[in-house]
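Chain by chain, the residues:
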Amino acid sequence: MEGLKKDVIRHVVSSLGSDYASKSAYNYYNALALAVRDRLIDNWIKTQRSYYDEKAKRVYYLSLEYLPGKSLMNNLHCLGIYETARKAMSDLGFSLEDLAEQEWDAGLGNGGLGRLASCFLDSMATLGIPGYGYGIRYDYGIFHQVIEDGKQVEQADNWMRVGNPWAYERGQHLFPVRFFGEVKNWTDEYGRLRHTWTAGDTVLAMPCDMLVPGWDNHHVINMRLWSARSDVEFDLDFFNTGNYLGAVEEKIFDEKISKVLYPSDQIEEGRELRLKQQYFFVTATIQDILRRFRKKHQDMTELPQSVAIQLNDTHPAIAIAELMRILLDEDLLDWEVAWDICVSTFAYTNHTILPEALETWPVSLLERMLPRHMQIIYEINARFLREVERVARSEDCGQLCHRDLDHLKQRVSLIQERPIKSVRMAHLAIIGSHSVNGVAALHTELLKARVFDDFQRLYPQKINNKTNGVTPRRWLWSANQPLSRLIASHIGTGFVRNLDELTQLEPLAADPAFREAWRAAKLENKQRLQAYIKRKLMRELHTEHLFDVHIKRIHEYKRQVLNLLHVVTAYNRLRHGQAADFTPRTVFFGGKAAPSYFMAKRIIHAINAVAATVNADSRVNDKLQVVYLPNYCVSQAERVIPATELSEQISTAGMEASGTGNMKFALNGALTIGTWDGATIEMAQAIGPELLFIFGMREDELVSLRQHGYNPMLYYHGDEELREALDMLRSDAFSPGQHGLFAPLVDNLLHGGDRFFVLADYRQYLGAQQDVGRLYLDQEEWTRRSILNAARMGFFSSDRAISQYAREIWDVAPMAGLQNGKGA
Ligand code: GLS
């Protein structure tokens, strides 16, 4: 401890240039972070060296998004120095919790997809898998959300303003990134046509490394994020011509590339700058991968034995064309050889079946920005369509029927003709990869049967499932110390590394003393949340209420509106004196809406309007409260999830690819009210469906309802409570003086076809909520179920998910000596 204290003081003085006697929390946080980073860097160097010495096969995880959140506490726990740090900082006059608050969340992602990437890096580090995360170091992460007059207002997330003590910026290792320009043809000595791309513009990519430690194993992996730097200062001519200001303007223009994260989750933006971001990050990453590979290899055909590249959604899919370009134009390989290398190296994860999320890029844009890549894509397509034709005409074409060949070719082509001629990035990713995986069993089945059914017939082995998982280090051990300590006192700490060990809790569910201790841990977390809400929102929570939580991005398919209709109905019953047996509850909502997503923003407004009415009504507010948590982010989730008793997972069946919040809640002992969707299905199967509150129509039932003609008006007319709730929303009951404010929401349900079947599931949802309320009154039974829920969550560790990727997709093994605990 004395050593850590000394290091902290030394950093306050020599790294931060401050007086250690002026006790600034900001300085002491930064100094502590630097002292922790010092303890990581040796292991990071040793880890990297061991990969090199052992010629380990490396895994590269390419993702446009990461959501690491805060690093301090997690890193202290991983290093096993949390207690030491707590005491050291207390000796220096600080509470560690307060210091940790100084850190800004690294919010370089929108939601589940980015957070999954961060959980996966944590698991690679813990399992000893030679992995690297690659992404973009956005200057501005996901916007900071404030709620003003009930509405979302976006503020810039200038997270870099105060520096980032965790990152190493490596300004000496810059990689060129080229755009535009033209392609020249030439003929090689064997008479083959060759191509050279001479680019118009060049930007530089600078690596910023963030260290990701494993759990208690000395293994530290790298998350390398690229930041755009202009090449203008290297272009002395430019300055010498006297156009100084022009040069500076160009510099600013270039550096725009990594300025800001696109703040939309599952809505494709189609903007030129976004494509630039994708290519910028992909080419820098591929150059870096090949640089490392070429240190030990000359023969490019060995690449798939040494390198596995996982594409996190289609966002980095242009990597396939980029690797082809390098192999063809720089290494001068033949097409077939290059293509085999590509397909064997890449694998693609699909994260959604929502059509509005499937990326396409206009051919005209690609032709201009990346002319050589567009040529390559055309060639991939031509060869692929010939192959389709061959398979379709072959004897064993199964269900493929060559009479339908033209239609089949149109459906699977990389190019879509309408509404404008564009490249389908998902098709490029499928064709250019040896593995395509979905992220939960149902999602993968839907990929095979609906979205990519033609590809499933063409490549029956390619599509596979890897159900998502979450890291128990952050989402149980670090976020929920009261519960973790209780668990550890009964079954030891092995569960942090091997989550299956939680099953040892099962017999304890029958022990009244253990149940009481379990409830005490939950209460402690609820009180902590209560104190936080008081500080931040100046609201007093009732900790004896059931804490019912719906936090995630705001999206119509996630059906926050269904929850809101339940709240309004509960409000009406209480007002009308029809709810004598109502179990008091506080309903929490939280989540960001894409700034351009009108309906999602209106939903936030409606939630806040209902909250204001309900909370101000003294007839009901001792029994029902509604809280909107502004600026939902990773660190807020870490506070809220441990305090949650009821987890809302109520998406339209078939639409939530997996969900990962659902896993975090159950792991922390919340019971789930949910639909038969995403990974919630597998959770119900692992836990026992009777221990969750499952309701609503299933995916196949919705398909048939849609086919037979779904008429939401029937539900409206047939259900008095539903009608009352909708009429109130449409009138100005919650928006005095602003008649019709929420009419678009209601009209969308009644006259817009209710695409997400809110009305169809309303009555069943109400029934399930009633079951919840009733069970909560029996605290012994509630707690028993809560314990069993957590005990059966072992499968949903990201360690299990990553082990499956490693074995079944990447063909990589953990580094020797790291599989079972500590490394050398
Ligand atoms: C998402 C899905 O919507 C989630 O269901 C899934 O859990 C997550 C990680 O696989 O990916 N897809 C997406 O574009 N954003 C997501 O959160």
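Residues numbered from 1 in each chain as written. Predicted model: local features only at pLDDT ≥ 70, side-chain atom pairs only at ≥ 80, totals over all residues. Heavy atoms only, no water.

Enquirer: How should I be thinking about the overall build of the protein chain in this particular structure?
Expert: Tallying secondary structure elements over the protein chain gives 33 helices and 25 strands in all. For 824 residues, the compact-globule estimate of 2.2 N^0.38 gives 28 Å, and the protein chain sits close to it at 27 Å. Viewed in the frame of its principal axes, the protein chain has a C-alpha envelope of about 90 × 75 × 60 Å. Within the span of the protein chain, comprising 824 residues, buried residues form 62% of the whole. On the protein chain, roughly 31,100 Å² of surface is accessible, and the fraction owed to carbon and sulfur atoms is 50%. For the protein chain, the centre of its 94 positive side-chain charges and the centre of its 104 negative side-chain charges are spaced 2 Å apart. (Helix = DSSP H or I, 4+ residues; strand = E, 2+ residues; numbered from the N terminus. Rg over C-alpha atoms; globule rule 2.2 N^0.38 Å. Buried < 20%, exposed > 50% of the residue type's maximum accessible area, 1.4 Å probe, protein only. Areas by Shrake-Rupley, 256 points an atom, 1.4 Å probe, with all protein chains shown as cover. Lys, Arg positive; Asp, Glu negative; His and termini not counted. Charge placed at Lys NZ, Arg CZ, Asp CG, Glu CD.)

Enquirer: Which parts of the structure should I look at to understand the sheet that holds strand β24 (residues 671-674)?
Expert: By way of backbone hydrogen bonds, the strands of a sheet pair with one another, either parallel or antiparallel. A sheet is described by the order of its strands in space; here 6 strands give the open sequence β22-β21-β20-β23-β24-β25, paired in parallel fashion. The open sheet terminates on both sides in strands that have one partner only, identified here as β22 (624-629) and β25 (693-694). Strand direction decides the pairing type here: strand β20 (residues 546-551) and strand β21 (residues 585-590), joined by 6 bridges, are parallel. Paired with L546 across the bridge in β21 is R585. (Pairing = 2+ DSSP bridges.)

Enquirer: Sorry, what's going on with the site of the ligand here?
Expert: What surrounds the ligand is a group of 14 residues, the closest being Q266, H351, N468, E656 and G659. In this structure, G112 approaches the ligand through a main-chain N or O atom, which is 3.3 Å from an oxygen atom. Within the backbone of L113, one N or O atom sits 3.2 Å away from an oxygen atom of the ligand. Isolated, the ligand exposes 370 Å² of accessible area, and the fraction of that covered by the protein chains is 96%. Tallied by class, residues from the shell around the ligand come to 5 nonpolar, 7 polar and 2 charged. Taken together, domain 2 (55-70 + 105-361 + 432-466) and domain 3 (541-787) each give at least three residues to the shell around the ligand, which thus spans both. (Near = heavy atom within 4 Å. Polar contact = N/O pair within 3.5 Å; in protein donor to acceptor, adjacent residues only side chain to side chain. Nonpolar A, V, L, I, M, F, W, Y, C, P; charged D, E, K, R; others polar. Domains from an automatic or database assignment.)

Enquirer: Help me understand the sheet that holds strand β16 (residues 415-416), please; the structure alone is not making it clear to me.
Expert: Strand order in the open sheet formed by 3 strands is β15-β17-β16, with antiparallel pairing between adjacent strands. Both edges of this open sheet fall to β15 (360-362) and β16, since each of them pairs with a single strand only. As judged from the 3 bridges shared by β15 and strand β17 (residues 422-424), these two strands associate in the antiparallel manner. Residue T360 lies in a different strand from β17, and its bridge partner there is R424.

Enquirer: What is the right way to read the pairing of strand β18 (residues 435-438) from this model?
Expert: On a regular strand, one side chain projects to one face of the sheet and the next to the other, so that they alternate. Here β18 shows a buried face lined by S435 and N437 and a second buried face lined by V436 and G438. Pairing analysis gives 3 bridges linking strand β14 (residues 346-349) to β18, with the strands arranged parallel. Paired with T349 across the two strands is N437, which belongs to β18.

Enquirer: Is there a simple way to explain the UniProt feature "modified residue: N6-(pyridoxal phosphate)lysine" (unreviewed entry) in the protein chain in this structure?
Expert: The UniProt record annotates "modified residue: N6-(pyridoxal phosphate)lysine" (unreviewed entry) at K664. Within the secondary structure, K664 sits in helix α25 (residues 661-667). We classify K664 as buried; its relative accessible area is 7%. (UniProt positions renumbered as here; feature names shortened; annotations may be inferred.)

Enquirer: What am I meant to see in the packing of aromatic side chains here?
Expert: Where two aromatic rings form a pair, the distance of their centres and the angle of their planes describe that pair. In this structure the tally under the stated criterion is 25 aromatic pairs. The interplanar angle of 65 degrees and the centroid separation of 5.4 Å between the aromatic rings of F120 and Y805 together place this pair among those described as edge-to-face. Here Y805 lies in helix α33 (residues 798-810) and F120 lies in helix α6 (residues 112-127), a separation of 685 residues in the sequence. Like Y805, F120 is buried. Consider the rings of F179 and Y279, whose centres lie 5.9 Å apart with planes at 70 degrees: the pair is edge-to-face. Of this pair, F179 sits in strand β8 (residues 175-179) while Y279 sits in helix α9 (residues 272-296), and the two are 100 residues apart along the sequence. Overall, the relative accessible area of 1% leaves Y279 in the buried class. Within the aromatic cluster, the residues linked to one another by ring pairs are Y51, Y60, Y132, Y134, F175 and W226. Over the face of the ring belonging to F179 we find K276, whose NZ or CZ atom lies 5.1 Å from the ring centre. (Phe/Tyr/Trp six-rings, centres within 6.5 Å; stacked < 30°, edge-to-face > 60°. Lys NZ or Arg CZ within 6 Å of the ring centre and 35° of its normal.)

Enquirer: It is not clear to me how helix α23 (residues 598-616) should be interpreted in this structure. Could you clarify?
Expert: In an α-helix, one full turn covers 3.6 residues, which means residues spaced three or four apart are oriented alike. With 19 residues, α23 ought to run about 27 Å at 1.5 Å a step, and its terminal C-alpha atoms sit 27 Å apart, in line with that. Most of α23 sits out of view: 14 of its 19 residues are buried. (Expected span 1.5 Å × (residues − 1).)

Enquirer: Please explain the nonpolar core as it appears in this structure.
Expert: Nonpolar side chains in soluble globular proteins generally cluster together in the buried interior. Core analysis: the largest hydrophobic core is formed by 144 residues, its most contacted members being F179, F280 and W810. The leading source of residues in this core is α9, at 10 residues. Sequence-distant contacts of F179, defined by excluding residues within four places in its chain, comprise W197, A199, G200, D201, V203, I257, K276, Y279, F280, M369 and L370. (Core = buried A, V, L, I, M, F, W, Y, C linked by side-chain atoms within 4.5 Å. Contact = heavy atoms within 4.5 Å.)

Enquirer: Looking at this structure, how should I read the packing of helix α20 (residues 481-491) against helix α21 (residues 512-537)?
Expert: The angle between the axes and the distance between the axes are what describe a pair of packed helices. Where α20 meets α21, the axes come as close as 8 Å, and the angle between the chain directions of the two elements is 155 degrees. Judged on the interaxial angle alone, α21 and α20 are roughly antiparallel. Touching P482, L483, R485, L486, I487 and H490 of α20 are F514, A517, W518, A521, E524 and N525, all from α21. Among the residues making up the contact of α20 with α21, the classes are represented as 8 nonpolar, 2 polar and 2 charged. (Axes fitted to C-alpha atoms, helices over the stretch in contact; angles between N-to-C directions. Parallel < 35°, antiparallel > 145°, perpendicular 65-115°, else oblique.)

Enquirer: How should I be thinking about the side chain of R585 in this particular structure?
Expert: Structurally, the position occupied by R585 is in strand β21. At 2.7 Å, the side chain of R585 forms a polar contact with the side chain of D548.

Enquirer: I keep staring at α6 and nothing clicks. Help me out?
Expert: When the terminal C-alpha atoms of α6 are compared, their 22 Å separation across 16 residues agrees well with the 22 Å that a helix rising 1.5 Å per residue should span. Among the 16 residues in α6, 15 count as buried, and that is most of the element. Backbone geometry just downstream of α6 places G128 in the positive-phi region, at approximately 75 degrees.

Enquirer: Sorry if this is basic, but what is going on with the pairing of strand β5 (residues 144-148) here?
Expert: Across 5 bridges, the pairing between β5 and strand β6 (residues 151-155) is antiparallel. Across the sheet, residue H144 finds its bridge partner in β6, namely Q155. Taking the residues that link successive antiparallel strands as the turn, the β5-β6 hairpin has 2 residues, and the phi of D149 there is positive, at about 50 degrees.

Enquirer: Explanation requested: the domain arrangement of the protein chain in the structure shown.
Expert: How big an interface is tends to be stated in terms of the accessible area lost upon association of its parts. What the domain assignment lists for the protein chain is domain 1 (1-54 + 80-103), domain 2 (55-70 + 105-361 + 432-466) and domain 3 (541-787). Domain 1 and domain 2 are separated by 31 Å when their C-alpha centres are compared. Contacts between the two partners involve 20 residues from domain 1, matched on the other side by 26 residues from domain 2. Where domain 1 abuts domain 2, roughly 2,200 Å² becomes buried across the two surfaces, and 56% of that area is made up of carbon and sulfur atoms. Linking domain 1 with domain 2 are 0 salt bridges. At the boundary of domain 1 and domain 2, one finds 16 residue pairs in polar contact (both at pLDDT 80 or more). Among the elements of the structure, α2 (25-53) and α5 (96-101) are those that each provide at least two residues to the side of domain 1 that touches domain 2. For the side of domain 1 that touches domain 2, the element with the most residues is α2, which contributes 16 residues. (Buried area = accessible area lost by both parts, 1.4 Å probe. Salt bridge = Lys/Arg side-chain N within 4 Å of Asp/Glu carboxyl O.)

Enquirer: Explanation requested: the side chain of S422 in the structure shown.
Expert: Mapped onto the elements, S422 comes out in strand β17. Of the residues examined, S422 reaches a relative accessible area of 3% and is grouped as buried. At a separation of 2.7 Å, a polar atom in the side chain of S422 contacts the main-chain carbonyl oxygen of I420. Look past the residues within four positions of S422 in its chain and what remains in contact with it is T360, W361, P362, V363, L414, I415 and Q416.

Enquirer: Got a minute to help me understand the pattern of salt bridges in this structure?
Expert: When their charged atoms lie close together, side chains carrying opposite charge are able to pair. If you walk through the whole model with that rule in mind, you get 60 salt bridges. Between R393 and E389 there is a salt bridge whose closest N-O contact spans 3.5 Å. Taken together, the positions of R393 and E389, both in helix α14 (residues 371-393) and 4 residues apart, correspond to about one turn of that helix. Take E389: its relative accessible area is 24%, and that puts it in the partly exposed class. Among the salt bridges present, the one from D761 reaches R559, with a minimum N-O distance of 2.8 Å. Taken together, the positions of D761 in helix α31 (residues 758-777) and R559 in the loop between β20 and α22 (560-575) put the pair 202 residues apart, joining distant regions of the chain. Given a relative accessible area of 0%, D761 falls into the buried group. The buried category is assigned to R559, whose relative accessible area is 1%. A cluster of three or more residues bridged by salt bridges with shared partners is formed by R170, D209, R224, D288, R291 and R292.

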